[in-house]
Every structure is written in structure tokens, then in C-alpha cells.
Amino acid sequence: GGFGKGGDRGFGGPSLAPPPASNVPTQMSINGVATWTYGQSSAGPPVKGGKDGGGKGLPSGGGFGGGKGAAGGFGGGAFGGGNFGKVGGGVDTGAHSNVFVGNLAEGITKEALEQAFSAHGEVKSVSVMNKGGRTFGFVKMATVAAASAAIGGQNNNALGWLVKLANNDASSSGKGGFGKGDGKGFGFGGKGKDPYTKVDHTNVFVGNLPEGTTQDSVSALFAPHGKIKSCLVSKKGEETYGLVEFSTVAEAKAAITAMDGHAGWSVKMANNDARSGGWDASLPHSNVFVGGLTEGIDKDMLEKVFSEHGSVLSCVLHDKPADGAEAPEDGGEGFKRYGFVKFGTVAAAARAIDALDGQNGWTVKPANNDTGGKGYGKGYIWVPDGSGYDDWGGKGAGWVWQPNDRPKGGEAERPEPAPSDNLYVKDLPPGISEEEVHATFSKVGSVVECRVLRWDNASGCAALVRMASPELAARARAQFSGTIHDTCLQPLQVGLQQKAGESVPDHLYIKGLHCTSTPDQLRTLFGRYGTVAWCRILPLPFEPRTGNVPDVAALVQMSTPAEAQIAIEGLNGRTSAELGQPMTVRFAESKQGGPEQTDAKPNNNIYVKGWPVGFPDFLLQSIFQQYGSVLRLRLLDNPDPEQPTCAALVQMSRVEEAAVAVRQLHGRTMAVSVPPIHVRYAGKDQGNSDNLYVSSLPRTITESSLRQTFLKYGEIKRLRLLQQPGSHETRALVQLGSPQAAAQALRELDGSTPNFKGPTLFVAYAAKREGGDRRP
């Protein structure tokens, strides 16, 4: 864990030298436009890190997280005992010709990707995938030289693609991935397989079929080789082809071996594991719950059984005591064993459920959430038929919000840490942005740092918020804990329910409810207007996605039509502050002896947090030079490449100078000049359109700030930030209301500075290690 094991453990080590005074530019901006570039430092121009954003850590040795750039990961202690695991442990450092392509537009085809890359050499294979709402692909070039040419020609093109060498060659197994996690946190658990590599599945492609071939004839020919789950014959252009899905991987492979070349057919594994009609309509995700396991079942046995139906990404087991049972160490044996199996595809999960549910006394069904873990907590859960949920009732599968339901002895009963300037905010609504959390707590005072913590697309969020002082933190805690966040508050639409074109006089149909609203809240709200006979929040037919959280609807039956009319008059078009998940605000736990420890004794070494990634060290040095002589300054790479800020160590010449700097800069938002942005038309041909591609944006810029930059040009149909982990800058796609508006924005904004709020800094004395040196 921590910041690494390098030979230089802070300012006490031998390898750190102060940047020469001559390297600090005397003029860093002209007319408010910065003359520096993102990633520049006092040592020279921007330098790219090692493969996949890490290089080999600091020059002094170990690097962050105890390893070599990306291969090191978070280290053993990150986020509570290694839940992230060893990310990237199987990165192939040898040269190969497999190229990763990120930031692809939804719906892009393999043919379009192949056409773009064929300009750089022979393309051997192309695959396009979608994970968590992100579309990406892999292009296997014929030679290493062709791959290098493709990366140089396509990376950061007008479409905003991220093109780089893939972690593994197409034939490599890649043992890295999400890591070993224990299944209790962010990791999937299991063996750490890379979910981006090609997975085993049971879907077989049959090409070169003669025109007029039927599904029945193909199914009859393949039936001798195994149990067929589905069969489809389709046509694309002049080509007729088929897809045959088997029950197990072994059956699919046997069919390929026997049938490839039959009657001139081309029989091979299909590119995707899916059947006609779409699995998403019948199953929510690829994480499977397995109950009723016996004591002798271990992870390897479970994975072996389930891998017959598709590629298993992870497998975790848990034991919990049965009701009234004693623990094994007390002589009890009444423990229930259950597990979670995460498949590479939804189709594989569906096959496993179909084949294994009820076998050996097992209960096999979709897990509540698409992650490994304990299977409880707040978030959306899949309800197969509405049974077991009295408040929802009714029939029909769908997603319903499950309020926080942690077991006893959990976080709710844990003693709250001592007051500090750092707050932990939980039970925030899914999809909330850091900007929205920042805006809420800024009502109390200056927010130094804010970070939203997400677990999956269907769960609530948490956040870490650092205020400028412990007093402000205490005030924010008292003001916001137990309240519902503003993003949940929205006007309701209340009217009579319609059935067969006629109104039901005592039944109300409500729209505009936030997704975290509960039946109890609904019953309380409408109970002010009469007696509520029953109420039901309608399940969603699809899983909500972060950034696109839908409203939900509800049905309420009042005891009389008159009460229903009173409720309509009292609530229709109005916003209620009682609907949604109340947030909980607590003081956060502080790392004892950490560099950010605020009670460290005054000294001339300063620890700084909140400096934007890509901003040069000499710019930060110029800020501290206002308060005295800066002997040394060092930026600390953030071990999480997705985070837009980093930390720094600053050594002043005297303790008195450091005291003034801490007092003047802590919690202060710095006004800094940034480099000009570059605006051009999006698209390969960059022809006139309403779509613009914007580059050279700060990593910490928000969507709201960029909207303010383009707001004067009229309607903004779409705006999307393209944030690449490890990059020094952010890019964006902006679609305006018309080509004329886009042309005007391009003329006026290209080469200008964006609407940008500077960084808010956390500044404190650096704490000493027990051994006497400064903690980095």
C-alpha cells in the first residue's frame, strides 16, 4: 500500500534535487493565456509514462503502489485490505501487434473499424465490445510496424479515439485484469482474469450457407453434437449465415471440429456470445448467485462446473451462520455456504442458470447486483416476478430500488471518528457527480477536496469531502446529515390512472419520482391527503446506468375519489423534499501519521493536495514563492490514474515562511491561467457539421464549466467529456443546435481559454515518519 518502496522515501532521500532556478519561467502567461503545455515540468516538455500509463514509477526506485507503473496497482492496503488486488499483473511487455481502441461511438461496426485501420497495414482481425456503457475494440495488425503506424495515425483522431498497444497480444492469456479482490469490495474476486480478453462461450458461427437454408435444417445437422439452446439463420447482403448456441463450451468445440468444412461451410466460434432477441431482455447482468452449497464445495470445483457454460471471470464463496447456529469454533455446524460466479457474458450466465438451477440442491439465479460481494446494501435489484415485495406487488420482472439494509454490527454501529475537516458522505443517489456534491457542501463554506466513490451502475454512491476547517466540516455535518440531496428533488406529475381509456376515480398515477424513492415515503406523503389503501412503485424494465438515472412511476389508491382529487390538487406540479434517499454525513477516518495529518508540528515541509494532473511543477512553485524561498518541490503521481488531481511536497527555506504559506493557501481556490483550447469539426473528414471536437482541456474541468464556455452559441444537444486515465489533458465532443452555431463557436473559441475554475488546495505541514524522514 502507500506511495511505494523507492529508495527515496521523501525529502530525506538522496535522489531528489531541487529544480534549478533557471528552469522556472519568468513569464508563464500572456494576456491570461498560459504559455506552458499540459504535462510540462521544470525538467522539460511533456514526457509520456510507460506502457498503459505508469512508466516505472519515480527515478528513485519502487514507484507508487510498490511496483512498476500499471503493474504495481494500488498495493496491498488500498481501500481496506487489498480489495482492488494486483491490477495488470499479466501485462505483456514484449512487442506485439494487437491494438486497443477506446472511446468508440456506440453502434460502431467492425467493418468501420477495419476500414479505418487498413490504411496502416494488413488487418488480421477486429473485435468490438461494450462494457459498462463504454464501447471499445481490439485490432490485430499483421506486423508490429503496422500496429505502430496505426497507433500514430489514429490515436486522438477527430473522433476522440484512444489508440494504444493492447495489454496482451491476441494469443496471450493475460493473467492480470481486475485482480484477486476478496469479493467484499471493488474486485470481482477469483483469479484475476482479464475481462477484455476473448472469452470462451458456446455460440457457433456457420458461414457460406446456401441460399434458402432453414433454421430447422441447420439445427438438425448440429443436434448430434450437443444440446442446442438456440439457432438462427440470417442474411447480410448476399451472404447467408447461421448462429448455433450450445449448452456447454465442450459441445460447441466438438461441433466446430466435426462440422467445419462440411459442404463448404465455415464453422467457428462466433465473435459475440449472444442469441437473437437479446439476452438483456431476459437477464439483467452476468453475475450469478449460487445457494445451497455443501461444505465440501470449494472455488475451484465451483468454477469448473460453471465454466462448462462459458468463460468465468471470478468466483467467490461465503459462509454465514444459519438462524440460531453457533460458529464452528464453538462447536456449531449450522453454516450456510453460498457463492457468486461472474461470467464474461450475460448469455453464459443464462445458460448456467438454466442448466444448474435445482441440480445438487443448488439455487442458481441472477445476483442482486452485477458485482461480486455480499449481496446486500442499497441499490437496484432485479425482481423476477414482483414476488416477495409487498410494497411493490404485482407481476412483471424489473428493477426496483432496495433501500440501505446492512446487517447489524456494520458501519451504522461503528463509533464515529473524531471531528476533523474530512467528511464521509454515504447514501448519495446513483449517478451523482462530484460537481453536484461540491455545490451542496460549498453552501456551508470552502470545499478543499471532493471525490465520489462508486461501486456499480445500480447502487447508491458515497463521497469524501474535505472542508477548509474542522469547524466548517462540523457545520456541514449538522446541516446535511439526514436530508435528501437536491438532485432527488423534482416536480411530481399526479393524475388519475387510465385503464382502457377510462379514468379510475380513486387510483392515482404518479410520474417524476426519483429512483431512490420508497413506498413508505410515498405512503407518508399521500397519507396527508387521506387514507392510502395501497401503493406501488413500478419496476423499471432495464437497469439504470450511471449518468443516465431515470425517473420512476408509481400507483397509489386512495380510499375515496374525493381524497384522490385532493391529492392531485395538493401535489401535482409540486416538489416534495420527502422523496429520495436521505444522505448520512459522518466524520471520516484519518490516517494516523499520514502526510495530510493536520496536527503535525510546524516545520518547513508542506504537503499539498488538489493540484491538477498535467499542471507543471513550476506553476505551483510560483504560487509558493509569494511567501518565501522554495528550496525543493516535487509532484507526487496519483496511484489512481483516473483521478484528475495529485499531491505535492514543498520545502520552504524557513519554518516562518511555511507557516504563512499554510495559513494563506489552505482551502483557497487558485486563479491560474491555462493553455488555449483547440476546436475543430468532429468526424474523419472534418466537414462542416454541428459536431465539434475540443482538445487541450484541463483534467479537472467539469461538464458544467465546458457548457458555460459554449452556452452563448445556443442549444447544446450533447456534450461528452473524453477522459483518458494517465493523460495530461481532457478532450470533449460538443454537438450544437446547428452547423451555423458550430461554425461560429469554432471561429471564436479555437485558441481561446475555457471557462475554468482553478484548483482548491489542501495545504498542511508534512508529517514525520517515526524514523525521522518526511512521509512523501
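Please read these numbers as outputs of a predicted model, since none were measured by experiment. (Residues numbered from 1 in each chain as written. Predicted model: local features only at pLDDT ≥ 70, side-chain atom pairs only at ≥ 80, totals over all residues. Heavy atoms only, no water.)

Colleague: Just to check I follow, could you spell out the overall build of the protein chain for this structure?
Modeller: Counting its regular elements, the protein chain contains 15 helices and 32 strands. Relative to its full complement of 776 residues, the protein chain shows a buried share of 49%. A fraction of 70% describes how many contacts in the protein chain between residues 6 or more apart in sequence connect residues 24 or more apart. Carbon and sulfur atoms provide 49% of the accessible area of the protein chain, an area that totals close to 35,900 Å². (Helix = DSSP H or I, 4+ residues; strand = E, 2+ residues; numbered from the N terminus. Buried < 20%, exposed > 50% of the residue type's maximum accessible area, 1.4 Å probe, protein only. Contact = heavy atoms within 4.5 Å. Areas by Shrake-Rupley, 256 points an atom, 1.4 Å probe, with all protein chains shown as cover.)

Colleague: Help me out: how do you make sense of the sheet that holds strand β27 (residues 645–652) in this one?
Modeller: Two pairing modes exist for strands in a sheet, parallel and antiparallel, and in both the strands are linked by backbone hydrogen bonds. Within the open sheet, the four strands sit side by side as β26-β27-β25-β32. Their pairing is antiparallel. With one partner strand each, in any of the chains shown, β26 (630–636) and β32 (762–765) form the two edges of the open sheet. Between one strand axis and the next, the sheet turns by 20 degrees as a mean value, whatever way the strands run. Running over the sheet, helix α12 (residues 617–624) touches β25 (605–612), β26, β27 and β32 and is turned about 135 degrees from β26. The strands that helix α13 (residues 655–665) touches are β25, β27 and β32; relative to β32, the one it contacts most, it runs at about 150 degrees. (Pairing = 2+ DSSP bridges. Axes fitted to C-alpha atoms, helices over the stretch in contact; angles between N-to-C directions.)

Colleague: Which parts of the structure should I look at to understand α12?
Modeller: An α-helical turn contains 3.6 residues, so any two residues separated by three or four positions project in the same direction. Among the eight residues that make up α12, seven are buried, leaving the element largely enclosed by the rest of the structure. The complete set of buried residues in α12 reads Asp617, Phe618, Leu619, Leu620, Gln621, Ile623 and Phe624. Looking at the packing, one finds that the buried side of α12 touches β25, β26, β27, α13 and β32.

Colleague: How should the nonpolar core be read in this particular structure?
Modeller: One broad trend across soluble globular proteins is that nonpolar side chains are buried collectively. With 55 residues, the main nonpolar core has Ile606, Phe615, Phe624, Leu692, Leu706, Phe710 and Leu736 as its most contacted residues. Sorting elements by how many residues they give to this core places helix α15 (residues 739–749) first, with six residues. Ignoring anything within four residues of it in the chain, the contact list for Ile606 reads Phe624, Ala648, Leu649, Val650, Met652, Ala658, Ala661, Val662, Val763, Ala764 and Ala766. Formed by 30 residues, the second largest nonpolar core is a distinct cluster that contains Val444, Met467, Ala647 and Phe762. (Core = buried A, V, L, I, M, F, W, Y, C linked by side-chain atoms within 4.5 Å.)

Colleague: Sorry, what's going on with the pairing of β26 here?
Modeller: Two faces, one strand: in a regular strand the side chains alternate between the faces of the sheet. Counting buried positions over the seven residues of β26 gives five, a clear majority of the element. Examined bridge by bridge, β26 and β27 share six bridges and lie antiparallel to one another. When the bridges of β27 are listed, Leu635 appears paired with Ala648.

Colleague: Looking at this structure, how should I read the packing of aromatic side chains?
Modeller: Here a ring pair, both rings aromatic, is described through the centre-centre distance and the interplanar angle of the planes. As enumerated under the stated definition, the model contains 18 aromatic pairs in all. Both rings, one in Phe222 and one in Phe246, keep their centres 6.4 Å apart while their planes meet at 55 degrees; by these two values the pair is tilted. On the criterion of sequence distance, the pair formed by Phe222 in helix α4 (residues 215–222) and Phe246 in strand β9 (residues 239–246) is long-range, its members being 24 residues apart. When sorted by exposure, Phe222 lands in the same class as Phe246, which is buried. Summarising the aromatic geometry, the rings of Phe306 and Phe343 are spaced 6.2 Å apart at their centres and angled 50 degrees between planes, so their arrangement reads as tilted. Residue Phe306 is located in helix α6 (residues 299–306), and its partner Phe343 is located in strand β13 (residues 335–343); the two are separated by 37 residues in the primary sequence. Across this residue pair, the class does not change: Phe306 and Phe343 are buried. A connected cluster of aromatic rings, assembled from ring pairs, spans Trp36, Tyr38, Trp611, Phe615 and Phe756. Sitting above the plane of the Phe762 ring, Arg466 keeps its charged end 4.3 Å from the centroid. (Phe/Tyr/Trp six-rings, centres within 6.5 Å; stacked < 30°, edge-to-face > 60°. Lys NZ or Arg CZ within 6 Å of the ring centre and 35° of its normal.)

Colleague: Help me understand the sheet that holds strand β23 (residues 552–558), please; the structure alone is not making it clear to me.
Modeller: Taken together, the four strands give an open sheet; going across it, the order is β20-β21-β23-β22, and neighbouring strands pair in antiparallel fashion. Looking at the sheet topology across the chains shown, the edges are occupied by β20 (493–499) and β22 (532–537). The sheet shows a mean angle of 30 degrees between the axes of neighbouring strands, taken without regard to direction. Pairing of β22 with β23, which is carried by five bridges, proceeds in the antiparallel orientation. Its bridge partner being in β23, Arg536 is matched across the sheet by Leu555. Across the face of the sheet, helix α10 (residues 519–526) comes into contact with β20, β21 (502–513), β22 and β23 while running at roughly 140 degrees to β22.

Colleague: Looking at this structure, how should I read the pattern of salt bridges?
Modeller: Pairing between side chains of opposite charge can happen when the charged atoms of each approach one another. If you walk through the whole model with that rule in mind, you get 14 salt bridges. Glu703 serves as the salt-bridge partner of Arg707, at 3.5 Å between the closest nitrogen and oxygen. Residue Arg707 and its partner Glu703 are located together in helix α14 (residues 703–710), separated by four residues, close to a single helical turn. Under the relative-accessibility criterion, Arg707 is labelled partly exposed at 29%. (Salt bridge = Lys/Arg side-chain N within 4 Å of Asp/Glu carboxyl O.)

Colleague: How should I be thinking about the pairing of strand β3 (residues 98–104) in this particular structure?
Modeller: The buried fraction of β3 is high, at six of seven residues. Summarising the sheet, β3 and strand β5 (residues 134–141) pair through five bridges and their orientation is antiparallel. Note on β5: the bridge partner recorded for Val99 is Val139. The pairing of β3 with strand β6 (residues 162–165) spans four bridges and is classified as antiparallel. Bridge pairing links Val99 to Leu165 in β6.

Colleague: I'm lost on the side chain of Glu657 in this one. Help?
Modeller: Positionally, Glu657 belongs in helix α13. Setting aside residues up to four positions removed in sequence, Glu657 forms contacts with Tyr627, Gly628, Ser629 and Met652.

Colleague: Sorry if this is basic, but what is going on with the environment of Leu619 here?
Modeller: Locating Leu619 in the fold gives a position in helix α12. Put simply, Leu619 and Val672 are 53 residues apart on the chain and 8.6 Å apart in space, counted from C-alpha to C-alpha.

Colleague: Could you clarify how one ought to interpret unusual backbone geometry in this entry?
Modeller: When glycine is set aside, most residues are seen to have a negative phi, and most peptide bonds are trans. Backbone geometry places Asn208, a non-glycine residue, at a positive phi of 65 degrees. Looking at the element boundaries, Asn208 is found in strand β7 (residues 203–209). Among the residues examined, Asn208 registers a relative accessible area of 48% and is labelled partly exposed. For Asp427, which is not glycine, the phi torsion reads 65 degrees and is therefore positive.

Colleague: When you look at the environment of Gly292 in this model, what are you seeing that I'm missing?
Modeller: Tracing the backbone shows Gly292 in strand β11 (residues 287–293). Judged by relative accessible area, Gly292 falls into the partly exposed class, the value being 45%. Along the sequence, Gly292 and Tyr338 sit 46 residues apart, while their C-alpha atoms lie 6.3 Å from each other. Dropping the residues within four chain positions of it, Gly292 is found in contact with Arg337, Gly361 and Trp362.

Colleague: When you look at the confidence of the model for the protein chain in this model, what are you seeing that I'm missing?
Modeller: Low pLDDT marks stretches whose predicted atomic positions should not be read closely. This prediction gives the protein chain a mean pLDDT of 74; 70% of its residues lie at or above 70. Ranking the elements of the protein chain by mean pLDDT puts helix α1 (residues 78–81) last with 30 and helix α11 (residues 561–571) first with 94. Here residues 48–94 scores under 50 on pLDDT; set against residues more than four positions off or in separate chains, the count is 99 contacts. Residue range residues 384–396 is modelled with pLDDT below 50. Its contacts to residues more than four positions away, or to other chains, number 26 contacts. (pLDDT = per-residue confidence, 0-100.)

Colleague: Help me understand the side chain of His514, please; the structure alone is not making it clear to me.
Modeller: Residue position: His514 is located in the loop between β21 and α10. Only 2.9 Å separates the side chain of His514 from the side chain of Thr516, close enough to count as a polar contact. Not counting the four nearest positions on each side in its chain, His514 is found in contact with Pro429, Thr487, Cys488, Gln490 and Val552. (Polar contact = N/O pair within 3.5 Å; in protein donor to acceptor, adjacent residues only side chain to side chain.)

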